[in-house]
Amino acid sequence: MTQPVENQTILITGATDGLGKKVALDLAARKAGVILHGRSPEKGWAVVEEIRKATGNRKIGYYNADFSSLDEVKALAGKIRADQNRLDVLINNAGIGPGPAGSGREESRDGYELRFAVNYLATFLPTRLLLPLLRDSAPSRIVNVASAGQQSIDFDDVMLENGYNGLRAYRQSKLAMIMFTFDLAGQLKDSGITVNCLHPATLMPTSMVLETDYFAGTMDTVAQGAEAVEYLAASAELDGVSGAYFNGKMRAEAMPQAYDREALRKLRELSRRLTRPDDTA
Ligand SMILES: NC(=O)c1ccc[n+]([C@@H]2O[C@H](COP(=O)([O-])OP(=O)(O)OC[C@H]3O[C@@H](n4cnc5c(N)ncnc54)[C@H](OP(=O)(O)O)[C@@H]3O)[C@@H](O)[C@H]2O)c1
């Protein structure tokens, strides 16, 4: 049976700013046990203190890992598995945006195209490594924060060595998250773990939107995006719903490649090769 939110432990990646921080604050106010993840201990612990003060909730934890390093991602999953005896909801939210228009291609510490690595591979790997904990806590949920900005993956140039631009890199990484969601939902059928993804809201005024000049201004509020993420994470209406893509709180269609089984298989095999997980479930 699904636990009430106040008995749940919820991990939010990229919870030190923007959407993730707001979701963490809201779920802490609802008395959930909240685990924040970030890439700067100073910023992370300051946010923990802020949320504790604002909500009175003491069940707030913090883990640090730079998602541009797969070793750090692996170590994070290992620490969480060692420390926590349950995980009811995993919200994969951390990400980097397209960057300023005209900015050049960047690589992760493992030598992969940076947006593919941080936004996608650092979702794929910890999710796989945390499956045993999610399975032990079932019914449990995985929520992948993707985007309506999607671009199909060219399997001959996943690392975007030719014709790089930041928007394409961002959109490719977001479609990869959606494809992973659909593929994993199939694998987790009847496991008690559901996995869904969403476009939270459009052009919220967060760091990643404010730092880019690809878009002319902002549109929705962070509160709107947070409401949608919290709906996928905690609404009883979605008990048992898995393998779906939402635009806000509405079921929606992703780009066609996300429904191509052969593309899902190719992405799965590539992701396993690139991340070399040694203890996937
Ligand atoms: N903003 C929008 O309109 C919009 C629309 C659609 C989808 N989204 C998605 O919403 C999610 C949250 O984005 P946001 O808008 O809230 O952006 P944001 O304010 O820039 O927050 C991004 C979060 O990810 C963390 N992060 C970035 N790079 C990281 C790395 N290398 N390792 C670990 N953590 C890292 C950031 O840490 P720091 O605090 O250290 O920077 C921050 O906590 C993203 O997945 C984004 O693609 C946003």
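Right above here is the structure, for reference.
Conventions we followed
Residues numbered from 1 in each chain as written. Predicted model: local features only at pLDDT ≥ 70, side-chain atom pairs only at ≥ 80, totals over all residues. Near = placed C-beta within 6 Å. Helix = DSSP H or I, 4+ residues; strand = E, 2+ residues; numbered from the N terminus. Axes fitted to C-alpha atoms, helices over the stretch in contact; angles between N-to-C directions. Left-handed = near helix turned anticlockwise from the far one by under 90°. Contact = placed C-beta atoms within 7 Å. Nonpolar A, V, L, I, M, F, W, Y, C, P; charged D, E, K, R; others polar. Core = buried A, V, L, I, M, F, W, Y, C linked by C-beta atoms within 7 Å. Buried ≥ 20, exposed ≤ 12 C-beta atoms within 10 Å, placed from the backbone. Expected span 1.5 Å × (residues − 1). Bend = angle between axes of the 7 residues up to and from the residue. Parallel < 35°, antiparallel > 145°, perpendicular 65-115°, else oblique.

Colleague: Please explain the site of the ligand as it appears in this structure.
Modeller: Residues in contact with the ligand amount to 29 residues; listed here are only the nearest, Gly14, Gly18, Phe67, Gly95 and Thr206. Broken down by secondary-structure element, the contributors of at least two residues to the shell around the ligand are helix 1 (18-29) and helix 6 (207-210).

Colleague: Help me understand the packing of helix 1 against helix 2 (residues 41-55) in this model?
Modeller: Angle between the axes and distance between the axes: these two values describe a pair of packed helices. Viewed as axis vectors pointing N to C, helix 1 and helix 2 meet at an angle of 35°, and their least axial separation amounts to 9 Å. The interaxial crossing formed by helix 1 with helix 2 has right-handed handedness. Of the residues in helix 2, those in contact with Lys21, Ala24, Leu25, Ala28 and Ala29 of helix 1 are Val47, Ile51, Ala54 and Thr55. A per-class count over the contact of helix 1 with helix 2 returns seven nonpolar, one polar and one charged.

Colleague: Help me out: how do you make sense of the nonpolar core in this one?
Modeller: Within soluble globular proteins, side chains that are nonpolar tend to cluster in buried spots. In terms of nonpolar packing, the biggest core is built from 83 residues, with Ile10, Ala24, Val34, Leu36, Ile91, Ile178 and Val229 touching the most fellow members. Considering each element in turn, this core owes the most residues, 14 residues, to helix 4 (residues 114-136). For leucine 36, the contacting residues outside a window of four places in its chain are Ile12, Ala15, Thr16, Ala24, Gly44, Val47, Val48, Ile60, Gly61 and Tyr62.

Colleague: Any chance you could explain helix 4 here in plain terms?
Modeller: Every α-helical turn comprises 3.6 residues, leaving residues that sit three or four positions apart pointing alike. In this model, helix 4 (23 residues) spans 33 Å end to end at C-alpha, consistent with the 33 Å of a helix rising 1.5 Å per residue. The sharpest bend along helix 4 comes to roughly 45°, located at leucine 130, with the proline proline 132 sitting one to four residues further on. Judged by how many residues are buried, helix 4 sits mostly within the fold: 20 of 23 residues are covered.

Colleague: How should I be thinking about helix 5 (residues 166-187) in this particular structure?
Modeller: For helix 5, spanning 22 residues, the distance from its first C-alpha to its last is 32 Å, which sits close to the expected 32 Å at 1.5 Å a residue. With 18 of 22 residues buried, helix 5 lies mostly within the body of the structure.

Colleague: Would you mind going over the packing of helix 1 against helix 7 (residues 222-234) with me for this structure?
Modeller: Closest axis-to-axis distance for the helix 1/helix 7 pair is 9 Å, and the angle between their directions is 60°. Overall, the two elements helix 1 and helix 7 adopt an arrangement that is oblique. Judged by the twist between their axes, the crossing of helix 1 over helix 7 is right-handed. Residues Gly18, Leu19, Lys22, Val23, Asp26 and Leu27 of helix 1 form the contact with helix 7, whose own contacting residues are Val222, Ala223, Gly225, Ala226, Val229 and Glu230. Residues of the contact of helix 1 with helix 7, tallied by class, amount to seven nonpolar, two polar and three charged.

Colleague: Just to check I follow, could you spell out unusual backbone geometry for this structure?
Modeller: Note: most peptide bonds trans; most residues except glycine with negative phi. A cis geometry characterises the amide bond from alanine 138 onward to proline 139, with omega recorded as 5°. On the secondary structure map, proline 139 appears in the loop between helix 4 and strand 5 (140-145). Even without being glycine, lysine 31 reaches a positive phi, approximately 75°. With respect to the helices and strands, lysine 31 occurs in the loop between helix 1 and strand 2 (33-38).

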